[in-house]
Amino acid sequence: MDDNPKGRVTRDGIRIHDPADFDGMRRAGRLAAEILDALGPHVFPGQSTGALDDLIRAMIEDAGAISATIGYRGYRHASCISVNHVVCHGIPGAKLLKDGDILNIDVTVIVDGWFGDTSRMYVAGTPSRKAVRLIDVTHDALMEGIAHVRPGQTFGDIGAAIQRLVERERMSVVRDFCGHGLGRVFHAPPNVLHYGRPGTGARLEEGMFFTIEPMVNLGRPETKVLADEWTAVTRDKSLSAQFEHSVGVTATGCEIFTLSPAGSFHPTWPRD
Ligand code: MF3
Ligand code: CO
Ligand code: CO
């Protein structure tokens, strides 16, 4: 069960990794981020989400890495592509992007056994002002959560910081999906909630690896999963956005494993 006999696990079931493990996460995180960097020019009106997924699959293969999502619980694609009111787990396919669409592309790769999981927002053509505001707020919420990642803080501090920023902007935080521990596994304890109360939840310790991946809706927070058993949408059909980083807790703060080498985590499009 435990493939890392030298490692420690907290009483909340959270694995404590050692310095060599950070290097594995750096390599996995960098590849996932490079793939997202390369996609920018391929997102335009008339493009299909299936073609984007084909590109992602080819880039993972060319890097000699493995897609974590192909074969995961029966999922068959190298990415999730969630357009407009799709909250997460959008299935790539023949559907064509149209002018003004906003989309999250979420990629998880396995490099030498380590998982790198990241997503960001793209736009096809010219987005509406309210869509850009949603995307900006969602990005800022993720970074505000990351600002609380250091030993001694709690997971509740992270969630509360995200929720405060989002609700101040009169938008809502999705409750039905959360971030997660990861490392040599895709989804591990803890559940990283994007809402909550300061001082609650497990305390962060150096060596913990997890994702923060807030989903923010312009309307109400409720979601539903479509008949395909994957696609999660907002119940009120309002627009939704998401950003995701994989991070590690260091002695003094946090290392983001999935930073964009091209500096295009946000925005991914040219903006004036
Ligand atoms: N990458 C997603 C996450 O952030 C998980 C996708 S699982 C899939 O945790 F099967 F839908 F691809
Ligand atoms: Co994730
Ligand atoms: Co992800």
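Note: the structure precedes this text.
Residues numbered from 1 in each chain as written. Chains lettered and ligands numbered in written order. Predicted model: local features only at pLDDT ≥ 70, side-chain atom pairs only at ≥ 80, totals over all residues. Heavy atoms only, no water.

> Describe the site of ligand 1, listing the residues and the values that go with them.
Taken together, 14 residues are adjacent to ligand 1, and T69, H180, H187, E213 and E244 come closest. Between ligand 1 and D106 there is a distance of 3.1 Å, counted from a nitrogen atom to a side-chain nitrogen or oxygen. Here a nitrogen atom of ligand 1 and a side-chain polar atom of T108 are 3.3 Å apart. Looking at the shell around ligand 1, its residues break down into five nonpolar, five polar and four charged. (Near = heavy atom within 4 Å. Polar contact = N/O pair within 3.5 Å; in protein donor to acceptor, adjacent residues only side chain to side chain. Nonpolar A, V, L, I, M, F, W, Y, C, P; charged D, E, K, R; others polar.)

> Give me the coordination of the cobalt ion (ligand 3): which residues, what numbers.
Around the cobalt ion (ligand 3), the protein contributes the donor atoms D106 (OD), D106 (OD), D117 (OD) and E244 (OE), which lie 2.1 to 2.3 Å from the metal centre. Bound by six donor atoms, the cobalt ion (ligand 3) shows angles of 58 to 168° at the metal and therefore irregular coordination geometry. All donors of the cobalt ion (ligand 3) belong to a single chain; written as a sequence motif, their spacing is D-x10-D-x126-E. Between the two metals, the cobalt ion (ligand 3) and the cobalt ion (ligand 2), the spacing is 3.3 Å, and D117 donates to both. With D117 in strand β7 (residues 114-123) and E244 in the loop between β15 (240-242) and β16 (245-249), this pair connects stretches of sequence that are 127 residues apart. You'll find D117 and E244 in the same group, each marked buried. (Donors = N, O, S within 2.8 Å, 3.2 Å for Na, K, Ca; no water. Tetrahedral: all angles 85-135°; square planar, octahedral: opposite > 155°, others 65-115°. Helix = DSSP H or I, 4+ residues; strand = E, 2+ residues; numbered from the N terminus. Buried < 20%, exposed > 50% of the residue type's maximum accessible area, 1.4 Å probe, protein only.)

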